[in-house]
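If you want the building blocks of each chain, they are given just below.
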Amino acid sequence: MQTRITKMLGIEHPVVQGGMQWVGLAELASAVSNAGGLGILTGLTQPTPEDLLQEIERCRDMTDKPFAVNLTILPTIKPVPYELYAQAIVDSGIKIVETAGHNPEPYLPMFKAAGITVIHKCTSIRHCLKAERIGCDMVSVDGFECAGHPGEDDITNMILLPLAARKLKIPFLASGGLADGRALAAVLAMGADGINMGTRFMATKEAPIHENVKQAMVEASERDTSLIYRTLKNTARVFKNSVAEQVLEIESRDGATNFEDIAPLVQGTRGREVFNSGDLEHGIWSAGMVIGLIDDIPSCADLIAGIVSEAEEIISQRLTQMLSA
Ligand SMILES: Cc1cc2nc3c(=O)[nH]c(=O)nc-3n(C[C@H](O)[C@H](O)[C@H](O)COP(=O)(O)O)c2cc1C
């Protein structure tokens, strides 16, 4: 299955693993790339730009296939030296970057000068058009279903993807709520050139997180996510647990939410501890509605091969038969 995106990224299958804080380490990114998809290391999971350089080297030792680095530009509790992370990416010789969050324009000249292909993740069509205008090579269209930050417009992929197909000239990945070959076939039909998945890749053998987290995702239904930070206009979709419920309770109080009231609950280090210790109630952790579609913990190779073969079968059998009947 070849698309504009497989050709531009030099990968075998149109399947990308999106950047994931605390999860996007070399173990997962290399497994996805070795399976013919595009694995992505999460830049800010590394405490310093020097650590990121080392993680890129570690990933190179684990795969000779292309992989990318994610640079997420969002409000953080501790200020982040974005410029230095961007410089580390350039210095490492990485050729594909996934940017997300705020406008990546300040970093584009250095990425472009280094011959880097830039994928910007967007949750609205106006941001996709802006990304195209400022010179991003492709976008990842992240619908309301997605884990992490879905934006504030609440538009699902059934609307976003056909709109993207109508309005964009650059190719786009569909992202958010995707887990299987049905989804791949559907989004190709809607105009996407591939899929980006986060949550589904957490429940794989190679994801470097505690088994309890993977098992919780297998057991959860599509109703087990919460939208926190709505009152701060920085919405995040996370796994529904007691910490998320406490955050929502604080947000529901009269008057404007004071971030300081929720900061102790939502510290990144507490979320990281969930993934390390398997204590599901230790902090907040991102997960998408697609947990309702996850019922196994395969290797990345089996997952990607299964998705691609299911999509190929749907296209060549089910859909083709409808035309010939
Ligand atoms: C645990 C987790 C952490 C994430 N962290 C980031 C991040 O740091 N930066 C980013 O751009 N996206 C992040 N995402 C979003 C994913 O890259 C991807 O866009 C999203 O998961 C797609 O939706 P899906 O989970 O339904 O597949 C994260 C997702 C998860 C599940």
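Residues numbered from 1 in each chain as written. Predicted model: local features only at pLDDT ≥ 70, side-chain atom pairs only at ≥ 80, totals over all residues.

**Section: the overall build of the protein chain**
What counts here: The helix and strand labels rest on DSSP assignments: H or I over at least four residues marks a helix, E over at least two residues marks a strand, and numbering proceeds from the N terminus. Atoms counted for the radius of gyration: C-alpha only. Globule rule: 2.2 Å times residue count to the power 0.38. Neighbour density around each residue's C-beta defines its exposure: 20 or more other C-beta atoms within 10 Å make it buried, 12 or fewer make it exposed, and counts between make it partly exposed, where C-beta atoms are placed from the backbone. Contacts are defined on C-beta atoms placed from the backbone: any two residues whose C-beta positions lie within 7 Å are in contact.
Of the regular secondary structure elements, the protein chain holds 14 helices and 10 strands. Its C-alpha atoms give the protein chain a radius of gyration of 19 Å, within 12% of the compact-globule value 20 Å for 325 residues. Taking the principal axes of the C-alpha coordinates as reference, the protein chain spans close to 60 × 45 × 35 Å. Across the 325 residues in the protein chain, those meeting the buried criterion constitute 47%. Long-range contacts, defined as pairs at least 24 residues apart, comprise 63% of the intrachain contacts of the protein chain with a sequence gap of at least 6.

**Points about the nonpolar core**
Selection criterion: For our purposes the nonpolar core covers buried Ala, Val, Leu, Ile, Met, Phe, Trp, Tyr and Cys residues that link as a set through C-beta atoms within 7 Å. The domain limits used here are those given by an automatic or database domain assignment.
Counting 96 residues, the largest nonpolar core has Val-97, Val-141 and Ile-195 as its most contacted members. The dominant element in this core, judged by the number of residues it contributes, is helix 14 (residues 300–324), at 6 residues. Both domains that meet at this core, namely domain 1 (4–208 + 296–324) and domain 2 (225–286), each give it at least three residues. Ignoring any residue separated from it by four or fewer positions in sequence, one finds Val-97 in contact with Ala-68, Val-69, Leu-71, Ile-89, Phe-111, Ile-116 and Val-118.

**Section: helix 11 (residues 242–251)**
To be explicit about the condition: For this quantity, the arc is that covered by the directions from the helix axis to the C-beta atoms.
Listed as buried for helix 11 are Val-243, Ala-244 and Val-247. Down the axis of helix 11, the buried set is contained in an arc of 100°. They therefore lie on one face. Exposed side chains of helix 11 directed beyond 90 degrees from the buried face belong to Ser-242, Glu-245 and Glu-249. On its buried side, helix 11 packs onto strand 9 (225–228), strand 10 (236–239) and helix 12 (259–266).

**What to know about the domain arrangement of the protein chain**
Cut-off, in case you're wondering: Ten residue types, Ala, Val, Leu, Ile, Met, Phe, Trp, Tyr, Cys and Pro, are classed as nonpolar, four, Asp, Glu, Lys and Arg, as charged, and the remainder, Gly among them, as polar.
By domain assignment, the protein chain separates into domain 1 (4–208 + 296–324) and domain 2 (225–286). On a C-alpha basis, the centroid separation for the pair domain 1 and domain 2 is 25 Å. With 11 residues of domain 1 at the contact, the number on the domain 2 side is 11 residues. Considering only residue class, the side of domain 1 that touches domain 2 consists of 7 nonpolar, 3 polar and 1 charged.

**Examining unusual backbone geometry**
Of note, the phi angle at Trp-22 is positive, near 75°, even though the residue is not glycine. In this fold, Trp-22 is placed in the loop between strand 1 (15–17) and helix 2 (26–34). Assessed through the 20 C-beta atoms surrounding it within 10 Å, Trp-22 is described here as buried.

**A closer look at the site of the ligand**
Worth spelling out the cut-off: Residues are counted as near a molecule or strand when the C-beta atom, derived from backbone positions, lies within 6 Å of that molecule or strand.
Every one of the 30 residues lining the ligand counts as a neighbour, but Gly-18, Ala-100, Gly-198, Thr-199 and Gly-288 are closest to it. Elements with a minimum of two residues in the shell around the ligand: strand 3 (67–73), strand 8 (195–197) and helix 9 (199–202). With 3 residues, helix 9 is the single largest residue contributor to the shell around the ligand. Grouping the amino acids of the shell around the ligand by side-chain chemistry returns 11 nonpolar, 15 polar and 4 charged.

**Observations concerning the packing of helix 6 (residues 125–134) against helix 7 (residues 157–167)**
Where we set the bar: Interaxial angles span 0 to 180 degrees and are taken between N-to-C directions of axes, which are lines fitted to C-alpha atoms, for helices over the stretch in contact. When the near helix sits turned anticlockwise from the far one by under a right angle, the crossing is termed left-handed; a clockwise turn instead gives a right-handed crossing.
Contact pair helix 6 / helix 7: the axes reach a minimum separation of 10 Å and the direction vectors enclose 35°. Two packed elements cross with a definite hand, and for helix 6 against helix 7 that hand is right-handed. Residue-level contacts link Ile-125, Cys-128 and Leu-129 of helix 6 to Leu-160, Leu-163, Ala-164 and Lys-167 of helix 7. Of the residues that constitute the contact of helix 6 with helix 7, the class distribution is 6 nonpolar, no polar and 1 charged.

**Focus on the sheet that holds strand 7 (residues 172–175)**
As a reminder of what qualifies: Strand pairing is defined by DSSP finding a minimum of two bridges between the two strands.
Spatially, 1-8-7-6-5-4-3-2 is the arrangement adopted by the 8 strands of the open sheet, whose pairing is parallel. If you trace the sheet from one side to the other, it starts and ends with strand 1 and strand 2 (39–42), each paired once. Across the sheet, the mean angle separating the axes of adjacent strands is 30° when strand polarity is ignored. In this sheet, strand 3 lies alongside strand 2 in parallel orientation, the contact comprising 4 bridges. The partner of Leu-41 across the bridge, within strand 3, is Val-69. In the packing of helix 2 onto the sheet, the strands contacted are strand 1, strand 2 and strand 3, and the crossing angle to strand 2 comes to about 165°.

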